[in-house]
Amino acid sequence: MKHVFVINPVAGGGKKTESAKKNIDEICSNKNLPYEIYITCGIGDASRFAYEYDHGGEQTRFYACGGDGTLSEVINGLVRRDDREMFETAMVPIGSGNDFARNFDTCDIFENIEAQVDGEASPIDVITYSRDGKEIRSAVNIFNMGLDCAVVERATKFREKPYMIGSVSYTAGLVSAFWDMPHCDLNIETDNGSRFSGKYLLALIANGSYYGGGYKASPFSSLDDGKLDLVLVKNTTRRVLLGFVGKYRKGTIYKAKIAKKLLTYLPFEKAHIISPKEISICIDGEILKAKELFIEIKKKCINFSRPKAVARG
């Protein structure tokens, strides 16, 4: 198998790029593995590289070295290939939030290159979507709208400051957005006949469980169950929000009494979402705009490699 490391040099402020390259060179050379390192040069380049890559008939594993956005780009490139069965995907989390890796019990080992190259792959689901009738694209973790998306927009700005990384920047974004309490006005219809309409403080479409640098917003989600999960939080007051945000972060909000009044949780496979006006949508950490979304699960679409300790655990 050939090992291809796709490094986003600006992920996580670029702080781990050089150490990642050094570890890759050292481990792969010591193990006599065929490998290469590709440094991306801008937004969309990882997707282009994955789509155009010539594997020469050899099984190839792509390692997305960056955050969730880098992984999403690599997957977007691979799902468009007719020969994607020749590829595996892995993630080396050197970004800011790195929430996708949190779906695995021992996510810390994802930075261990030796454990990564010895990893084993199994199929996971991927989200496919189109917005406002544009091309179909893919995502791997979570869509979020409303307050959550405003928080991400502001957390991105906070992340430019020293020491404001991961959950710290997300929490700062949450405090900033708290005073505005932005919401989203949505009409939602799912393939199982469920319909929802109204103003929502938070709205999520989840394949994975975590976002925002460790918020366990959808604790029942699984990457390989053939389902997506819709999470809706009704518009509410600041006081109520303060009362449940801690439980929301830990993933225990669904056990609280307030969940019956405020929360909706529904597994589905397809959904159609319309907003009367254009809204911001955060898709695997990337902010996009749309009035209409078509969303569908693509079951066991990509072979994702877990590091050795995770694969055997």
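Right, let's walk through the structure included here. (Residues numbered from 1 in each chain as written. Predicted model: local features only at pLDDT ≥ 70, side-chain atom pairs only at ≥ 80, totals over all residues. Heavy atoms only, no water.)

## Notes on the side chain of glutamate 73
Then, in step 1: By the secondary structure assignment, glutamate 73 is in helix 3 (residues 68–79).
Then, in step 2: Despite its burial, glutamate 73 pairs with no opposite charge; the closest candidate is arginine 137, at 6.6 Å N-O.
Then, in step 3: Dropping the residues within four chain positions of it, glutamate 73 is found in contact with Ile43, Gly44, Asp45, Ala46 and Ser47. (Helix = DSSP H or I, 4+ residues; strand = E, 2+ residues; numbered from the N terminus. Buried < 20%, exposed > 50% of the residue type's maximum accessible area, 1.4 Å probe, protein only. Lys, Arg positive; Asp, Glu negative; His and termini not counted. Salt bridge = Lys/Arg side-chain N within 4 Å of Asp/Glu carboxyl O. Contact = heavy atoms within 4.5 Å.)

## Considering the nonpolar core
Then, in step 1: Counting 28 residues, the largest nonpolar core has Val6, Phe62, Leu71, Val74, Phe100, Ile302 and Phe304 as its most contacted members.
Then, in step 2: At the level of elements, strand 1 (2–7), helix 2 (45–52), strand 3 (60–66), helix 3, strand 4 (87–93), strand 5 (120–131) and strand 15 (286–306) are the ones that each hand at least two residues to this core. (Core = buried A, V, L, I, M, F, W, Y, C linked by side-chain atoms within 4.5 Å.)

## Looking at the packing of aromatic side chains
Then, in step 1: Evaluation of the coordinates by the stated rule reveals 16 aromatic pairs.
Then, in step 2: Judged by centre distance (5.9 Å) and plane angle (80°), the rings of phenylalanine 49 and phenylalanine 62 are edge-to-face. A residue pair is termed long-range when its members are at least 10 positions apart, and phenylalanine 49 in helix 2 and phenylalanine 62 in strand 3 qualify at 13 residues.
Then, in step 3: The buried category is assigned to phenylalanine 62, whose relative accessible area is 0%. (Phe/Tyr/Trp six-rings, centres within 6.5 Å; stacked < 30°, edge-to-face > 60°.)

## What to know about the pattern of salt bridges
Then, in step 1: Applying the stated criterion to the full structure yields 15 salt bridges.
Then, in step 2: A salt bridge links glutamate 36 to lysine 2; its shortest N-O distance comes to 3.1 Å. Here the residue glutamate 36 occupies a position in strand 2 (residues 35–39), and lysine 2 occupies one in strand 1, the gap between them amounting to 34 residues.
Then, in step 3: The class of glutamate 36 is partly exposed, set by a relative accessible area of 25%.
Then, in step 4: Looking at lysine 2, the relative accessible area reads 19%, which means it is buried.
Then, in step 5: In this structure, arginine 81 engages aspartate 83 in a salt bridge whose closest nitrogen and oxygen atoms are separated by 2.8 Å.
Then, in step 6: The structure contains a network of salt bridges with shared partners spanning Lys31, Glu114 and Asp118.

## Here's the deal with helix 7 (residues 238–250)
Then, in step 1: Under the 1.5 Å per step criterion, the end-to-end length of helix 7 is 19 Å for 13 residues, consistent within 8% with the ideal 18 Å.
Then, in step 2: In the structure, helix 7 departs most strongly from a straight axis at phenylalanine 244, where the bend amounts to approximately 40°.
Then, in step 3: When we look at burial in helix 7, the residues that qualify are Val240, Leu241, Phe244 and Tyr248.
Then, in step 4: Glycine 251 sits one or two residues past helix 7 and shows a positive phi near 85°. (Expected span 1.5 Å × (residues − 1). Bend = angle between axes of the 7 residues up to and from the residue.)

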